[in-house]
Every structure is written in structure tokens, then in C-alpha cells.
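Results of the structural survey
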Amino acid sequence: MIQLFHVSKYYDRRPALSDINLQIEKGEFVLLMGPSGAGKTTLLKLLFGAERPDDGQILVQNRNVARLRPSDIPYLRRTMGIVFQDFRLLPKKNVFENVALPLMVQGASTFETRRKVAEALKAVGIDHKKDHRPATLSAGEQQRVCIARAIVNSPIILLADEPTGNLDPHLASEIIESFKVINARGTTIMVATHNPQVMAQANRRVLMLEQGKLIADPKAGL
Amino acid sequence: MRRLAYLVKEAMTNIRLNRTTTLVAVASTAFTLACFGVFLLLYLNLRGVVSSLQDDIKVVVYLHDGLSAQGLSDLQQRLRSEREVAALSYVSKEQALADFREQFPSESHLLQGLGENPLPASFVVTLSPRFRSSEAVKQWVKRLTTVPGVGQVQYSRDWIENLATLVGFIELGAIAVGGILSAASVTIIASTIRLTLYARQNEIEILRMVGATGAFIKVPFLLEGAVLGAVGGLLSLAILRGGFDLFKLQLGPTGRFLGIESWLNFFPGHVSLWIIMAGLALGFTGSLVSLIQFGRASS
């Protein structure tokens, strides 16, 4: 599903990622751990095409992301769901409209949009607040809306960057449980976090990054 | 279709939410197009005047007094066969005298002492539309003066030529002023859209993350610019119409007396439409410039 071959990325000649080799199978739930500045966000950005690697190749669903034309990147992202630490919801749109956004950009019909948004909101338990604006929701609720937006399009891969970073332990636990449910439906999930609670609760394969290097990956024997 | 409705809704929402910048962009486009419109009004009206004057150009071919009846008939035949001649009328010496007395009754005593009628017979020639340009008339008159039996040839050339030259200058002025002001308008609209783009940077980023194509992100901004420009164009027409009516009112009885009022016309429908379209194009271009710059800055 996801393969990285000798991937490196530099910012101002300083390596953010160095010679990363990685393979993630379809339906896996992988945790990307490491301290701040270890390269977790950079790795996720490379996967959804927000950055290009300086060296190496990245295959996502057999597509070489490193060589995708900029005009093809939106179509790659339509097969993914992305969850951010800061939620990134549109403040002037209500919950329903925020979640419907990925369907809107693909030109889904009104009927399909209503059905899929309702399903996604129900899956994360926030369907009763579909008419609310993000500002009227708690942090945990906003993160649920963000997850609903990420899964509304039935993505093959879900990428989450510090999804529990702004949440208290109880809410963080709920979010991880949501991811488990989504993963159980067959979605490949990669969660970048430095929160040990997430690691303990998820109890899945852990990739450890430090100073841009992959220092632990049980599957690769690291 | 649903996607288009969404994009149009986004553009309209953005216009509604950014009232001040929208107002500045509309006002600047309206001002630009109104300035250009003043030149255009002046140019179109003067061109109309020149055109109608050129339609009325009559060439008077004065004949030698000693021309025989046969010579007169031959000359008439010859003139009729000329491509330049659309119509021809003969004014005899007697008719010329009668006309003079009728037109200048207080001056008729000037001719009394001369005994013989001093006024020559003439042909009054109406020119074919194809040969009404200054150069064509000039060439033909030059050729005509060498024809036997023809004395003098007169036509009101100079001042019509001068007016045509003035219209030419106004045309150039309109192009120059229009060009400069259009550039200014594009810049102002580009700045307006750029402000919106930066204000909505997060939203654009979110749209990118959920798989929106460049076109999906850009279309609302292009629509916004086009709408602002078209509204500016419409406003400029309203300003011009108001100014035009006020000018006509100011002319009052003097203008009517001199016949100026009947020459003055506002833009015909298709020119008004072109002005609105010009506003739309300026707005669209402004947005496009801004999006290109924003794209470079954010990449």
C-alpha cells in the first residue's frame, strides 16, 4: 500500500528525513512515533504530496508520489483522508458543510453527499451537531468532525498528524477508538504522535523516528 | 452542475463578506471605465458628426461663361459617367443669381451696378459614399480642374479634414488613457483579490488537502473578479449617463439653437454592453494576475 525506498528530505541542507525505507501493507494501523522535530510531519507530507522527496521513491497505491505532476496530486488526495492536530475546519461553514467538503470537490450528488456525511458523522458520534459551527464545539468534537471529513470519502488510507495533540487523555482515548473502528473496516491508517498513551492504547506496529532517521520498525527488524 | 452552483455561491459569499474591499474594487473599476467612457463618448459623437458632414459634402463645379450648349451637355454626360458622382444638378447663371438674392436679400444691391450677371453656372455634385474620404475628394477635384469648360471647383474640405484629424487625436487619447487606466484597474482588482486570497489562505489549504483541483480553488476568485468588474462597468455606465444628461441639460436652449443637441447621442446598446464586458474582462484579468502571484508565493 505504502512503500518508501531510500527517501530523504532536506530543509536548508539540513536533513529532515534520511534514507527512510518502509513498507506498510493494506489494512495496517501504524503509529509513527518520535519527539518533536523527528520528521513525523515531513513523512506524512511526503505521503500526501505536500512535499517532494529530495532523494528516493515513494509508492502509494502503486503510484510514484515523487514523480506525480502537481495536477495529479488532488486525485491522489481524494483516495486519502487527512486529520490534523489543529483540526483545520472552515469556521464559516457548519459541521455538515465541513464534512461534505471532500465530496463537494469531487462533484458528488446531493443525495450521495447527504447519505455519506450522515454515515461519517454517525461513525464518529457527532451526527447530532451537524448544524453547529465549529466554534461552538469542544476540541474533542472538532477533532471528530475533522475525522468525519477524513473518512467521508471512504479513503483507502487515513493519515493523522498528532490527532490527539490538543485533547485531554479521555478525549484522546475516544479518538484512538474511532481510528480502530475505521481500521477494522479496512482503511490503512498511519498516525503520527509523540503521545505514549496513544501507543499504549492502540497497541499496533510502531515506527520510531529520531532526527530524521527510522530507528525502530519491528517489521523491518529494526 | 452542483459543483458550479457551489463555486458561484462561494464567490457571492466572498463578495458579501468583504464589503469594503469589494466596494473599493467596484469604485475603481467604475472610475476607470467612466474616464475612458468620457473619451469614448466624445470620440463617437465627433465621429458621427464628421461622418454626417462627409455625407453632406457637395462639390460645386463652376463652368466657364463661354461654354456652348453642346459643351454643357458633353460635360454633364462626362460628369455623370464618373464613378465619384452619385447625383448631379445643374444651376444656371440665372438660377445662381436668384439663389443669391434669396439667400442674401440685403446684399443684392451689390450686383445691381455690374449690369451683366457675374455669377457662373455650375454643377452641384453629390459624391458616392465610396469616394467621400478627404484623399479621394482631393484627387478627384484635382483631375476635374483640367477638364475643358470647368472653371473653379469648390468644396468644404479644410475644416472637415481638421475635424477628422481632431477625431483621430481623440481616438489616440482614448486608447492611451484607456490603456493606462485599465492597467490601474487591473492592479487595484488584483490587490483586492490578493487580500481575499491571503485572508482565505487556510481555507485554500484545507481545500487542497481534501483533493480540490487548482481550477476548483481558482474559479470562485475568478468569478468574484469578473463580477466586481462587471458591476464596476455597470456603475460607470450609470455615471456616464447621468453626466451626459446633465451636460445636455446645461446646454439648454443654446445647444438646441446651434443644433448641437441633435448631434449628441449616448452609447448605443452594443457599446454599453462592451463597456460592461470590458469591466468584466478587467476584473477577471485582475483576479488571474493575483492568483498567479499567489500561486508563486505559496509554492
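Remember, predicted model here, so these are calculated numbers, not experimental data. (Residues numbered from 1 in each chain as written. Chains lettered and ligands numbered in written order. Predicted model: local features only at pLDDT ≥ 70, side-chain atom pairs only at ≥ 80, totals over all residues. Heavy atoms only, no water.)

**A closer look at the overall build of chain A**
The criterion, for reference: A run of DSSP states H or I qualifies as a helix once it reaches four residues; a run of E qualifies as a strand once it reaches two. Both are numbered from the N-terminal end. Throughout, exposure labels follow a simple rule: accessible area from a 1.4 Å probe, protein chains only, divided by the maximum for the residue type, with under 20% read as buried, over 50% as exposed, and the rest as partly exposed. By definition, residues are in contact when any of their heavy atoms lie within 4.5 Å. For every accessible area listed, the method is Shrake-Rupley and the probe measures 1.4 Å; residues are considered covered only by the protein chains on display.
Looking only at helices and strands, chain A features 7 helices and 10 strands. In chain A, which comprises 222 residues, the share counted as buried stands at 54%. Across chain A, contacts joining residues at least 24 apart in sequence account for 70% of those joining residues at least 6 apart. Within the structure as shown, chain A displays about 9,900 Å² of accessible surface, and the carbon and sulfur contribution to it stands at 50%.

**Considerations on the overall build of chain B**
From N to C terminus, chain B includes 10 helices and 4 strands. In sequence order, the secondary structure elements of chain B are arranged as α-α-β-α-β-α-β-α-β-α-α-α-α-α. Buried residues in chain B amount to 42% of all 299 residues. Partitioning the intrachain contacts of chain B with sequence separation of at least 6 by distance along the chain shows that 84% fall at a separation of at least 24. About 16,500 Å² of surface is accessible on chain B, with carbon and sulfur atoms providing 63% of the total.

**Let's talk about helix α1 (residues 40-47) of chain A**
Residue and element names in this part refer to chain A. Across the 8 residues that make up α1, a large majority, 6, are buried. Taken residue by residue, α1 has Lys40, Thr42, Leu43, Leu44, Leu46 and Leu47 as its buried positions. The positive-phi residue at the C-terminal boundary of α1 is glycine 49, with phi of around 80°.

**So, a nonpolar patch on the surface**
All names here are of chain B. What counts is decided by this rule: Patch membership requires over 30% relative accessible area and the absence of a salt bridge. Like charges are linked within 9 Å, and nonpolar side chains (Val, Leu, Ile, Met, Phe, Trp, Tyr) within 5 Å. Here a salt bridge means any side-chain nitrogen of Lys or Arg lying within 4 Å of a carboxyl oxygen belonging to Asp or Glu.
Together, Leu273, Trp274, Met277 and Leu280 make up a nonpolar patch on the protein surface, roughly 440 Å² of accessible area in all. One can find leucine 273 in helix α10 (residues 269-298). Looking at leucine 273, the relative accessible area reads 53%, which means it is exposed.

**Regarding the packing of helix α3 (residues 95-105) of chain A against helix α1 (residues 2-17) of chain B**
Stated precisely, the cut-off is as follows: Axis lines are fitted through C-alpha atoms, for helices just across the contact stretch, and the angle between N-to-C directions can take any value from 0 to 180 degrees. Reported orientations rely on four angle classes, namely roughly parallel under 35 degrees, roughly antiparallel over 145, roughly perpendicular from 65 to 115, and oblique for the rest. By the definition used in this description, the sense in which the near helix is turned from the far one sets the handedness, with an anticlockwise turn below a right angle giving left-handed and a clockwise turn giving right-handed. Each residue receives one of three labels: charged for Asp, Glu, Lys and Arg, nonpolar for Ala, Val, Leu, Ile, Met, Phe, Trp, Tyr, Cys and Pro, and polar for the others, Gly being one of them.
It is at 10 Å that the axes of α3 of chain A and α1 of chain B come closest, and there the two elements cross at 125°. For the element pair α3 of chain A / α1 of chain B, the angle class is oblique. Handedness of the α3 of chain A/α1 of chain B crossing: left-handed. Here Glu97, Leu101, Met104 and Val105 of chain A of α3 of chain A come into contact with α1 of chain B, specifically with Arg2, Arg3, Tyr6 and Lys9 of chain B. Counted by class, the contact of α3 of chain A with α1 of chain B contains 4 nonpolar, no polar and 4 charged residues.

**Digging into the interface of chain B and chain A**
Worth spelling out the cut-off: Throughout, the accessible surface (probe 1.4 Å) given up by two parts as they are put together, summed over both, is called the buried area. Distance and chemistry together define a polar contact, namely a pair of N or O atoms within 3.5 Å, with one atom able to donate a hydrogen and the other to accept it when in protein, and with adjacent residues in sequence counting only for side-chain atoms on both sides.
In this assembly, 17 residues from chain B lie in contact with 24 residues from chain A. Together, the buried faces of chain B and chain A total about 1,800 Å²; carbon and sulfur atoms form 65% of this surface. At the boundary of chain B and chain A, one finds 0 salt bridges. The interface formed by chain B and chain A contains 2 residue pairs in polar contact (both at pLDDT 80 or more). Residue assignment for the side of chain B that touches chain A shows that the elements contributing at least two residues are α1 and α7 (201-209) of chain B. Residues that form the side of chain B that touches chain A fall into these classes: 8 nonpolar, 2 polar and 7 charged.

**Some points on the environment of leucine 127 of chain B**
All names here are of chain B. Tracing the backbone shows leucine 127 in strand β3 (residues 122-127). Sequence separation of leucine 127 and leucine 88 is 39 residues, and the distance between their C-alpha atoms is 8.9 Å. Excluding residues that lie within four positions of it along the chain, leucine 127 makes contacts with Ile57, Val59, Glu84, Ala86, Arg132, Val137 and Trp140.

**Some details on the environment of phenylalanine 29 of chain A**
All names here are of chain A. Turning to its location among the elements, phenylalanine 29 is positioned in strand β3 (residues 29-33). On the accessibility criterion, phenylalanine 29 (4% relative accessible area) is buried. Spatially, the C-alpha atoms of phenylalanine 29 and isoleucine 182 are 9.9 Å apart, while their sequence positions differ by 153 residues.

**Brief notes about the sheet that holds strand β2 (residues 85-91) of chain B**
Residue and element names in this part refer to chain B. Applicable threshold: Strand pairing follows a simple DSSP-based rule, namely that at least 2 bridges must link the two strands.
Strand order across the open sheet formed by 4 strands is β2-β3-β1-β4, with antiparallel pairing between neighbours. Every interior strand has two partners, whereas the edge strands, β2 and β4 (150-154), have only one. For this sheet, the mean inter-axis angle between neighbouring strands, taken without regard to orientation, is 20°. When strand β1 (residues 58-63) meets β3, the two strands line up antiparallel, connected through 5 bridges. Along β3, the bridge assignment pairs valine 59 with valine 125.

**Some points on the pairing of β3 of chain B**
Residue and element names in this part refer to chain B. Of all 6 residues in β3, 6 are buried, a share of seventy percent or more. Burial along β3 is two-sided: the residues Ser122, Val124 and Thr126 and Phe123, Val125 and Leu127 are all buried. The pairing of β2 with β3 spans 6 bridges and is antiparallel. Its bridge partner being in β3, tyrosine 90 is matched across the sheet by phenylalanine 123.

**Regarding the nonpolar core**
All names here are of chain A. As a reminder, the rule being used: As used here, the term nonpolar core means buried Ala, Val, Leu, Ile, Met, Phe, Trp, Tyr and Cys residues forming a set that is joined through side-chain atoms within 4.5 Å.
The biggest cluster of nonpolar side chains holds 36 residues, and the ones touching the most others in it are Leu31, Val83, Val99, Ile147, Leu158 and Phe179. Listed by contribution, the elements that provide at least two residues to this core are β3, α3, α4 (110-123), α5 (139-151), β7 (157-161), α6 (169-184), β8 (188-193) and α7 (196-202). In terms of residue count, the dominant contributor to this core is α5 (6 residues). Once residues lying within four places of it in the same chain are set aside, the contact partners of phenylalanine 179 are Phe29, Val83, Ile147, Leu158, Ala160, Pro163, Ile189 and Val191. Leu43, Leu68, Leu76 and Ile157 belong to the second largest nonpolar core, which has 32 residues in total.

**A closer look at the confidence of the model for chain B**
Going by this rule: Confidence scores per residue from the predictor, reported as pLDDT, run from 0 to 100.
When pLDDT is averaged along chain B, the result is 82; 91% of the residues meet or exceed 70. Confidence estimates for the predicted assembly give a pTM of 0.69 and an ipTM of 0.88.

**A word on the environment of leucine 159 of chain A**
Residues and elements named next belong to chain A. Structurally, leucine 159 is set in strand β7. As for leucine 159 and glycine 81, which are separated by 78 residues in sequence, their C-alpha atoms are 6.1 Å apart. When near neighbours in sequence (up to four residues on either side) are disregarded, leucine 159 contacts Leu44, Leu47, Phe48, Met80, Gly81, Ile82, Val83 and Met190.

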